[in-house]
Amino acid sequence: MVKLIVLVGLLALSFCVAMAADHSPLQDFCVAQSDSQVRLNGLACKNPSMVQASDFSFSGLHIAGNTSNAAGSRVTPVATTQIPGLNTLGISLVRIDYAPWGINPPHTHPRATEILTVIEGKLEVGFVTSNPDNRLISKILKKGDVFVFPIGLVHYQRNVGSGNAMAIAGLSSQNPGVITIANAVFGSKPDISTDILVKAFQVDKSIITNTQFKF
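Values in this document were obtained by computation on a predicted structure and should not be read as measured data. (Residues numbered from 1 in each chain as written. Predicted model: local features only at pLDDT ≥ 70, side-chain atom pairs only at ≥ 80, totals over all residues. Heavy atoms only, no water.)

> How do you make sense of the sheet that holds strand S6 (residues 136-141) when you look at a structure like this?
Across a sheet, paired strands are connected by hydrogen bonds in the backbone, their directions being either parallel or antiparallel. In spatial order, the strands read S6-S5-S8-S3-S10; together these five strands make up an open sheet with antiparallel pairing. A strand with exactly one partner marks an edge of an open sheet, and here the two such strands are S6 and strand S10 (179-180). In the sheet, strand S5 (residues 123-128) pairs with S6 via six bridges, with the strands oriented antiparallel. Looking at the pairing, Phe-127 lines up with Ile-137 of S6. (Pairing = 2+ DSSP bridges. Helix = DSSP H or I, 4+ residues; strand = E, 2+ residues; numbered from the N terminus.)

> Which parts of the structure should I look at to understand the UniProt feature "binding site: Mn(2+)" (unreviewed entry) in the chain?
Per the UniProt record, the feature "binding site: Mn(2+)" (unreviewed entry) sits at His-107, His-109, Glu-114 and His-155. Sequence-wise these annotated residues cover 49 residues; spatially they are packed, their C-alpha atoms never more than 11.8 Å apart. Relative to the assigned elements, His-109 resides in the loop between strand S3 (103-108) and strand S4 (114-120). Taking the relative accessible area as the measure of exposure, His-109 reaches 10% and is therefore buried. The contact partners of His-109, leaving out residues within four places of it in the chain, are Glu-114, Ile-151, Gly-152, His-155, Leu-171, Pro-176, Gly-177 and Val-178. Turning to its location among the elements, Glu-114 is positioned in strand S4. Given a relative accessible area of 2%, Glu-114 falls into the buried group. (UniProt positions renumbered as here; feature names shortened; annotations may be inferred. Buried < 20%, exposed > 50% of the residue type's maximum accessible area, 1.4 Å probe, protein only. Contact = heavy atoms within 4.5 Å.)

> Could you clarify how one ought to interpret the packing of helix H3 (residues 194-201) against helix H4 (residues 205-214) in this entry?
Packing of H3 against H4 brings their axes to within 9 Å, and their N-to-C directions diverge by 115°. Pair H3 / H4 crosses with right-handed handedness. Contacts from Thr-194, Asp-195, Leu-197, Val-198 and Phe-201 in H3 reach Lys-205, Ile-208, Thr-209 and Gln-212 in H4. When grouped by side-chain class, the residues that make up the contact of H3 with H4 number four nonpolar, three polar and two charged. (Axes fitted to C-alpha atoms, helices over the stretch in contact; angles between N-to-C directions. Left-handed = near helix turned anticlockwise from the far one by under 90°. Nonpolar A, V, L, I, M, F, W, Y, C, P; charged D, E, K, R; others polar.)

> Hey, could you run me through the nonpolar core in this one?
Most often, soluble globular proteins keep nonpolar side chains buried together rather than apart. Among the nonpolar cores identified, the biggest contains 17 residues, and Tyr-98, Leu-116, Leu-123, Val-125, Leu-141, Phe-147 and Phe-149 are the most heavily contacted of them. Broken down by secondary-structure element, the contributors of at least two residues to this core are strand S2 (92-98), S4, S5, strand S7 (146-149) and strand S9 (165-171). Contacts of Leu-116, omitting those with residues within four sequence positions, involve Ile-96, Tyr-98, Leu-123, Leu-141, Asp-145, Val-146, Phe-147, Phe-149, Gln-157, Ala-167, Ile-168 and Ala-169. (Core = buried A, V, L, I, M, F, W, Y, C linked by side-chain atoms within 4.5 Å.)

> Help me understand the sheet that holds S4, please; the structure alone is not making it clear to me.
Strand order in the open sheet formed by five strands is S1-S2-S9-S4-S7, with antiparallel pairing between adjacent strands. The open sheet is flanked by strand S1 (73-78) and S7, the only strands paired with a single partner. Neighbouring strand axes in the sheet, compared pairwise and without regard to direction, differ in orientation by 20° on average. Where S1 and S2 come together, six bridges link them in antiparallel fashion. Each residue of the ladder has a partner; that of Val-78, found in S2, is Leu-93.

> Can you help me understand the packing of aromatic side chains in this one?
The geometry of an aromatic ring pair comes down to the distance between the two centres and the angle between the two planes. Counted by the stated rule, this structure contains five aromatic pairs. Ring geometry for Phe-127 and Phe-147: centres 6.1 Å apart, planes at 50°, overall tilted. Here Phe-127 is found in strand S5, whereas its partner Phe-147 is found in strand S7, with 20 residues between them in sequence. Taking the relative accessible area as the measure of exposure, Phe-127 reaches 10% and is therefore buried. Exposure remark for Phe-147: the relative accessible area of 11% places this residue in the buried category. Among the aromatic residues, those joined into a ring-pair cluster are Phe-127, Phe-147 and Phe-149. (Phe/Tyr/Trp six-rings, centres within 6.5 Å; stacked < 30°, edge-to-face > 60°.)

Laid out in structure tokens, this is it:
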């Protein structure tokens, strides 16, 4: 009986892990047909006889992103929009450029775990565990270091070097999604009620109002 319970538990765990990622493909590839009117979880497939090598490649990741913005960072995605051949394969990646002391603000990827490699510079990275602990797990990374952000958890990066920094990150979904916390909370359309945010953040109403105005 104990062995049966353990087996059932392992099967349930395996099922949960399997459901946490994109579905496995049922053919060699399914190159996205962006102009299709078919609606499904993913993108419709191009006729395999029409597939070209260009459907599986992307050029330009060597070009630095423009970091002249309030955050001082720029994310360059490489997902199905850039490589149609990624459709149904369950992966994507991004290049992230950081100006000195620039940040990639606290955000989550609702559908993907992220693994980040520092290519140039020095980054402070971290993520926060779920309630009730809300523990910050952070580290300073240098060139060649790798860090993992578990799926769904709030995380961030900050350039702590004197020069520009750059990282490449892989994500375990063709469409990982991104929820920037400040944008979602203070920039929703329509606004979340000011009274709700005042009580949630335990601050003066004017602070919430001014913050919402900026977004």
